[in-house]
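# Observations on the model geometry
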Amino acid sequence: MSVLRAIDKLPDLNTATILLVSTEDALLQQLAESVLKDGCASALRVHLANSLPLSSNAKRPRIDLIVFVINLHSKYSLQNVEESLNHVDSSFFLGKVCFLATGAGRESNCSIHRNTVVKLAHTYRSPLLFCDLEVESFRATVAQRLVRMLQICAGHVPGISALNLLSLLRHPESPPAQGAVSTAALPTFGASSISRHR
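Notes on the structure follow. The numbering scheme is per chain: residues are counted from 1 as the chain's sequence reads. Only residues with pLDDT of 70 or above have their local features reported here, since the model is predicted, and side-chain atom pairs are shown and tallied only from 80 upward, although totals for entire chains, interfaces and linings are computed over all residues. Side-chain measures were taken over the full set of non-hydrogen atoms in the model, leaving aside hydrogen atoms and water.

Salt bridge criterion: a side-chain nitrogen from Lys or Arg within 4 Å of a carboxyl oxygen from Asp or Glu. One pass over the structure, following the stated rule, counts three salt bridges. Aspartate 89 is the salt-bridge partner of arginine 5, the closest N and O atoms lying 3.0 Å from each other. Of the two residues, arginine 5 is situated in the segment before strand E1 (15-21) and aspartate 89 in the loop between helix H2 (75-85) and strand E4 (97-102); the sequence distance between them amounts to 84 residues. Three exposure classes are used, based on accessible area relative to the maximum for each residue type with a 1.4 Å probe and protein chains only: buried under 20%, partly exposed in between, and exposed over 50%. Judged by relative accessible area, which is 18%, aspartate 89 ranks as buried. The salt bridge partner of aspartate 12 is arginine 45, with a shortest N-O separation of 2.8 Å. A residue pair is termed long-range when its members are at least 10 positions apart, and aspartate 12 in the segment before E1 and arginine 45 in strand E2 (residues 43-49) qualify at 33 residues. With a relative accessible area of 37%, aspartate 12 lands in the partly exposed category. Only runs of H or I of at least four residues qualify as helices and only runs of E of at least two qualify as strands under DSSP, and these elements are numbered from the N terminus.

This is how it looks when you write it as structure tokens:
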């Protein structure tokens, strides 16, 4: 069983890499494009995967942030994420994993209850964002927040680490708030690319 490790590769200079994992190809592609639209001063790479493990590719860059996208209208989506989590090294759960639940706006049609996703995020001590990725304005907002989180996880924000970010996003009495990431005073990125893993 191949395990994705946070420190198995050296970082590239002025480059940050985000891995988006979901069974929802169309939504994943739209989210990736929204992430790349965010203004940037250095290289931003977006990798897409339907599930983990990734194929062992020597040219694959270091992954700075993994985002597991769960469609609340698909039990298969949740099952896929749960199975993929088995292929992630525990070091990623020190602030370099985020869960994103989509479809919460149409709660009457949900196959997965919100509390199920909240418990999953709590179990892995990782932030959880809710967003309806089918709505462009919501998708743009969450993409901006993901880029800010990525900047921190890649070490491009002086004075704050992924572990600091994790402690800022968690609240002891309640689950992580929607959009709890501040976008103030954070650097921006430049060149960008998307790659697809099968």
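By size, the foremost hydrophobic cluster in this structure holds 33 residues, and its most contacted members are Leu20, Leu31, Val67, Leu100 and Leu146. At the level of secondary structure, the elements contributing two or more residues to this core comprise E1, helix H1 (25-37), E2, strand E3 (65-71), E4, strand E5 (128-131), helix H4 (136-153) and helix H5 (162-169). Looking at which element gives the most residues to this core, the answer is H4, with eight residues. Two residues form a contact once any of their heavy atoms are found within 4.5 Å. Excluding residues that lie within four positions of it along the chain, leucine 20 makes contacts with Leu28, Leu31, Ala32, Val46, His47, Leu48, Ala49 and Val67. In terms of nonpolar packing, the next biggest core, distinct from the first, is built from 29 residues, Leu54, Ile63, Ile66 and Leu128 among them. As used in this record, nonpolar core signifies buried Ala, Val, Leu, Ile, Met, Phe, Trp, Tyr and Cys residues forming a set joined through side-chain atoms within 4.5 Å.

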